[in-house]
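A structural walkthrough
Residue-level listing of the chains:
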Amino acid sequence: MALEDAKTQVDTAFTRKSNRGYAFENAFGGATSFLRRTYTKDLTGVDLAITGVPFDQAVTHRTGTRFGPRAIREASSLQPYDPPYGWPTNPLEELSIVDYGDCAFDYAKVSDFPDTLTAHIRAILAAGAGTVTLGGDHYITYPILKAYAEKFGPLGVIHFDAHSDLWPDDDLSRIDHGTMLYKAVKTGLVDPKRSVQIGIRTTTEDYLGVTVIDAREVHEKGVAHVVAKAKDIVGDGATYVTFDIDCLDPSAAPGTGTPVWGGLHSWQAAAALRDLAGINMVGGDIVEVSPPYDTTGATAIAGAHVAYELICLYHWARTQR
C-alpha cells in the first residue's frame with residue numbers, strides 16, 4: 001500500500017476492512033475520524049478507543065473547545081500514512097485502534113454531564129480497551145479519572161498544563177475546569193505522591209502534595225531532566241497522562257481559552273512525550289483546543305500530534321514494558 005492508493009481509498013473511517021494499518025486517502029477529503037480509524041461502537045478485540053468529548057461549559061474565560069474533537073480529527077488526516085516519528089514501534093499496525101465517536105450528552109442538563117461521561121468511559125474500559133480522549137475543556141478529566149480509578153485504584157498523573165487546576169473547591173456539584181485536579185486528589189482518585197505537573201506558570205497556594213515542574217525549570221534544565229524526574233515520581237504504577245494544550249506557548253498554540261506566555265515549545269513537548277516511554281500509561285487525553293481562536297489550525301495540529309504520542313505511550317506500555 002502506498003500514496004498511489006489515494007485514487008481508490010476514500011472514507012476509510014467507514015470502508016476499511018481492518019482496525020490495523022495505515023490509511024492513504026487524500027488528507028483533504030473523506031470522513032475525518034481520528035487517524036482514519038474505523039468509526040464503530042463495537043469494541044470486540046479493540047485495544048484502544050479514541051473518543052471525543054465536545055464539552056466546554058466549565059471554562060472560566062473563552063469557550064470554543066466543544067469544537068476541539070472535530071478539529072483534532074480533521075488535523076490528524078495528515079498523519080496516518082507513516083509510522084510515528086521517533087518511535088521504534090508502530091501502534092497503527094500492532095494495535096487494534098478505533099474511533100469510538102463522541103460522548104453523547106444533553107447540553108442543557110449540565111449537572112448530568114459528569115456521570116454521563118464517567119459511564120461512557122467505564123463502558124469502554126469494561127470492554128477491555130483503553131482510551132485516549134479528545135476534549136473539550138479540562139474539567140472532563142475529572143469524570144474520566146473516576147472511571148479509571150474504579151478499575152485501577154488511585155492513579156498517578158502526569159499533567160501538562162500552564163495551570164495547576166488545583167483551585168480549592170469542595171463543592172463537588174460545581175463544574176469548573178480550574179478545579180479538576182483538586183477534586184480528583186481530594187476524592188482519592190489521584191495519588192498526589194505519584195503525580196507531577198509539567199509546564200506550570202500560574203500561581204497556586206497549595207499543590208496538595210503534587211510535584212510541580214514549572215515552565216522555567218523545563219527551559220533551564222532541559223527535557224531529559226524533566227522526564228527523569230517525572231518517571232521517578234510515577235514509578236511503575238498505573239498512570240494517566242493529561243495534556244492541556246495551553247501547556248504550549250501561545251505562539252505555538254494560540255487556539256485555547258486561557259493562554260499564558262512563557263510556555264513549552266512544541267519540540268519540548270514532543271521530546272518529553274516520546275521520552276516518557278516506559279511509564280505504565282493506562283489512558284490519556286488532550287484538552288482545551290479551541291479552534292475559533294486559531295484560524296491557522298496550528299493548535300489543532302498540535303493537539304493531533306499530542307494524541308498520537310499518547311497512543312504511542314499506551315502501545316509501548318502494553319508491548320514493551
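Here, the structure is the one placed above.
Rules used throughout
Residues numbered from 1 in each chain as written. Predicted model: local features only at pLDDT ≥ 70, side-chain atom pairs only at ≥ 80, totals over all residues. Heavy atoms only, no water. Axes fitted to C-alpha atoms, helices over the stretch in contact; angles between N-to-C directions. Helix = DSSP H or I, 4+ residues; strand = E, 2+ residues; numbered from the N terminus. Parallel < 35°, antiparallel > 145°, perpendicular 65-115°, else oblique. Left-handed = near helix turned anticlockwise from the far one by under 90°. Contact = heavy atoms within 4.5 Å. Nonpolar A, V, L, I, M, F, W, Y, C, P; charged D, E, K, R; others polar. Buried < 20%, exposed > 50% of the residue type's maximum accessible area, 1.4 Å probe, protein only. Arc of directions from axis to C-beta. Core = buried A, V, L, I, M, F, W, Y, C linked by side-chain atoms within 4.5 Å. Salt bridge = Lys/Arg side-chain N within 4 Å of Asp/Glu carboxyl O.

Another point: the packing of helix α8 (residues 223–234) against helix α9 (residues 266–275). What describes two packed helices is the angle between their axes and the distance between those same axes. Where α8 contacts α9, the two axes come as close as 9 Å, and the packing angle between them is 40°. Considered as vectors, α8 and α9 are oriented oblique to each other. For the element pair α8 and α9, the recorded crossing hand is right-handed. Between α8 and α9, the residues in contact are V223, V227 and K231 and W267, Q268, A271, A272 and D275, respectively. By residue class, the composition of the contact of α8 with α9 is five nonpolar, one polar and two charged.

Within the sequence span of α9, burial applies to Q268, A269, A272 and L273. Axial view of α9: buried residues confined to an arc of 125°, hence all on one face. Where α9 is buried, its residues meet β5 (156–160), α7 (215–221), α8, β8 (239–244) and α10 (298–319).

So, on to the nonpolar core. Counting residues in hydrophobic clusters, the biggest one holds 54 residues, and the most contacted among them are F34, I158, F160, I198, F243, I286 and I311. Among the elements that take part in this core, α10 stands out by supplying 12 residues, more than any other.

Here we come to the packing of α9 against α10. One can describe the packing of α9 onto α10 by two numbers: an axis separation of 9 Å at closest approach and a directional angle of 15°. With respect to α10, the element α9 is oriented roughly parallel. The crossing of α9 and α10 is right-handed. Residues A270, L273 and R274 of α9 touch α10, and the partners they reach there are V306, E309, L310 and L313. Looking at the contact of α9 with α10, its residues break down into five nonpolar, no polar and two charged.

A separate point is the pattern of salt bridges. Enumeration according to the criterion identifies 12 salt bridges in this entry. Linking D99 and R73 is a salt bridge whose minimum nitrogen-to-oxygen distance equals 2.8 Å. Here D99, found in strand β3 (residues 97–102), pairs with R73, found in helix α2 (residues 68–75); they are 26 residues apart in sequence, far enough to count as distant. Its salt-bridge partner being D169, residue R174 comes within 2.6 Å of it at the nearest N-O pair. A relative accessible area of 36% places R174 in the partly exposed class. Connected via shared salt-bridge partners are D169, R174, D176 and K183.

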